[in-house]
Structure formats: structure tokens, C-alpha cells
Amino acid sequence: MGNSKIYSKIIYSRKLKQALQPYIDNYPKGKVFLATEENVDKLWITGMEDFLTSNNIKKVVIPAGEHNKKIASVETIWQFLSENEGDRKSLLINIGGGMLTDLAGFAASTFKRGIDFLNVPTTLLSQVDASVGGKTGFNFNGLKNEIGVFKEPVAVIINTDFLKTIDHENFISGYAEMIKHGLIHSPEHLAELKKFNLELIDYDILEEIIRHSVNVKEHFVANDLTENNIRKALNFGHTVGHAFESMAMKQGRPILHGYAVAFAMIAELFMSVKMCGFPQQDCNELINWMMEIYGKFEIEEADFDEIYRLMTHDKKNESGRINFTLLPRVGEIAINQNCSKELIFDTLRFYKEL
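Just so it is clear, the structure is predicted and the values come from calculations on it, not from any experiment. (Residues numbered from 1 in each chain as written. Predicted model: local features only at pLDDT ≥ 70, side-chain atom pairs only at ≥ 80, totals over all residues. Heavy atoms only, no water.)

**Here's the deal with the sheet that holds strand E4 (residues 91-96)**
Read across the open sheet, the six strands follow the order E1-E8-E5-E4-E2-E3; overall the sheet is parallel. Looking at the sheet topology across the chains shown, the edges are occupied by strand E1 (9-12) and strand E3 (58-62). On average, each strand axis in the sheet is inclined to that of its neighbour by 20 degrees, with strand direction left out of account. Sheet topology note: the E4/strand E5 (residues 116-121) ladder contains six bridges and is parallel. Residue Leu92 lies in a different strand from E5, and its bridge partner there is Phe117. Against the sheet, helix H4 (residues 71-83) engages strand E2 (32-37), E3 and E4, with an angle of about 165 degrees to E3. (Pairing = 2+ DSSP bridges. Helix = DSSP H or I, 4+ residues; strand = E, 2+ residues; numbered from the N terminus. Axes fitted to C-alpha atoms, helices over the stretch in contact; angles between N-to-C directions. Contact = heavy atoms within 4.5 Å.)

**With respect to the pattern of salt bridges**
According to the stated counting rule, one finds 15 salt bridges in the structure shown. Here Glu207 ties to Arg211 by a salt bridge, and the two come within 3.5 Å at their closest N and O atoms. Here Arg211 and Glu207 lie together in helix H9 (residues 203-223), a separation of four residues that amounts to about one turn. With relative accessibility at 16%, the residue Glu207 sits in the buried group. (Salt bridge = Lys/Arg side-chain N within 4 Å of Asp/Glu carboxyl O. Buried < 20%, exposed > 50% of the residue type's maximum accessible area, 1.4 Å probe, protein only.)

**Considerations on the packing of aromatic side chains**
For any pair of aromatic rings, the description consists of the separation of the ring centres together with the inter-plane angle of the planes. By the definition in use, this model includes 14 aromatic pairs. A centroid spacing of 5.6 Å and a plane angle of 85 degrees characterise the contact between Phe33 and Phe80, whose relative ring orientation is edge-to-face. Here Phe80 lies in helix H4 and Phe33 lies in strand E2, a separation of 47 residues in the sequence. Seen in terms of ring centroids, Phe263 and Phe297 are 5.8 Å apart; in terms of plane orientation they differ by 10 degrees. Their pairing is stacked. (Phe/Tyr/Trp six-rings, centres within 6.5 Å; stacked < 30°, edge-to-face > 60°.)

Structure below.
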């Protein structure tokens, strides 16, 4: 495949129906379906009933929340497609956050060995992260995104109007992935994120910043769709982050994905100083800035073993080593960093005492 554009077409549009119509017209009548989740259905889809009816589109609604990112929800979509005579020439339009687009993307990729799907991400996190890169899947056995396939949607429509109905926590959860994109690739993008007013959101400026963030992700995905080398850059903040997220879920105090990534980027910046010579002053400034936005995840010394155990389960590990992506400086990455258990525990200690 080389560096050809293997990823989907990304469309920025605040006129959703208009953006969808040419795609719908490409498929036989009655073979276009919609998958969404409860909250999005209430807030947005009910206002589109006429559009759905006139295009003969039936919908399936999945219960909201990360705990519904499971095989039972995938089965619900398969069942719905089966009952409504979905076939290999069908299109599934997925409108929702990352949980829904991951899950419904997987259902589409496997139904009759794969039908086309189109994603309309409705949260900031899914617009800058889940929308690009063709990862689909669901949680299994207490592990996040344990089952899944790589499959690109035919298109992704990014509409910032959806972001007007998400709360501040979910907004800044998505913002963490944008901060990550700035840290791993673009000092300019990081600078505009630092300047952006999170209390008074300008949606026109936001659309521009989202484009820059998506461009960073596309850069890595285009060069390495199945994550063999350079795409691992995108794992910065995720090795510790997924462990924090899984542990928080087990302890009955779940945290949003972006928060987990933000907390973990702080920890992995400390590792970057130790392993890759990341400048200490930059590290301190970044930690202070991120803690102002995200606060801190409380962990105890007694949690360290469990956090370490969860890290050993990470899909990104190879032959028993825990793999980290770290930074020599902003905009530069060092993949496949193998940190000792001792350094990992020092890092957790540093984080706990912040």
C-alpha cells in the first residue's frame, strides 16, 4: 500500500443531511441503516425522522455508556441488520461517540464478512481520535477494546454543532487527545491549544483546531495503518492511561478516557525525562498546565501492583515487554521504550505525590 491515502474521506460540515445525502444515494433503497446510542438519539436523531423516512433508513439504538461496549451490543446490531435484510451492498451510518462508532464499526466490518459503514462522531474525543485510523472493537473480559479489527469507514463527517450538547467534562476529555497530538508531533498545535479558551468556546476556531489535530493523526495512520511502527506514536499516554482506566472501573470510580490519558501523559512525561532526556523545565510547565485542566487521579501505594499488572495486558506489548512511547522533546517521539518495573514504580510514586 505504501503511503497511499488508505484512510477514509473526512468531511467537515455543519449541514449533516446535505453531507450524508450523496453517500445514501450510492446504495440501494432500503439498504442504508443507522446505528446510534440513546443520548444521541434523544438529542439529535429524533429531529431527523423526516430525513430518515424519506430515505427509507431504519435505525437501531444501543444503550449509552462504556459498560455497553460489549459483545451483546454488537449482537443487537447484527440482529437488526439481519432482520431488516441487510446484505453485502448495505451501508451502516454510525452516529455517536467513540464507544458507538467503535462498536458499530466492528458490527459492520464483520456482518456478512463486512459491509460499508460511515461514521458521524458526536463528541470531541471521537472527532479527533476514534474518527480516524480504522480501529473498531469492543471491551471483553474486563479489558478495553480487547476484540476488534482494522477497517476504514467510507467517510467520516465532522460537525462541530454536536459539541454544543456535550458537557464540559466530556469536552475536555476529548481535548486531552488533541494535547497528545500536539506533544507527539506539532509544537504549533500545542501552542494553539494552550491559547484556546476552554470556558468560552468559539466553534469556528475549534473546527480549525480539530482539523489540525486530525491531520496529526492522519499523518501517523497513513504511514502505518496496522500499528507496526510509527503509528505507535499515538500510544503516548495510553500505556499508563488504559491501566488507570481499567483500575478505576474495577474500583467503581470510572474516569473518562481523555482524563485517563491526561493523567497518564503527566506520568509518561516524567518517564520521558528519565529515559529520553525530555527537558525538565518543559516537563514541569506541561504538568502544571495539564493539572490545572484535569486535576489528579488519586492512587495509593497499594494500587501499584495492580496498575503494573494491567499494563502487562496492554495490546501494544510485545514478547512480554511493556512498551511505552516516550518523548525526547515536544514534537519528537521514541517508540518501543522498554521501562523497567523499578522506573514504572518510581513514576507511580512521583505521580501519587504530585
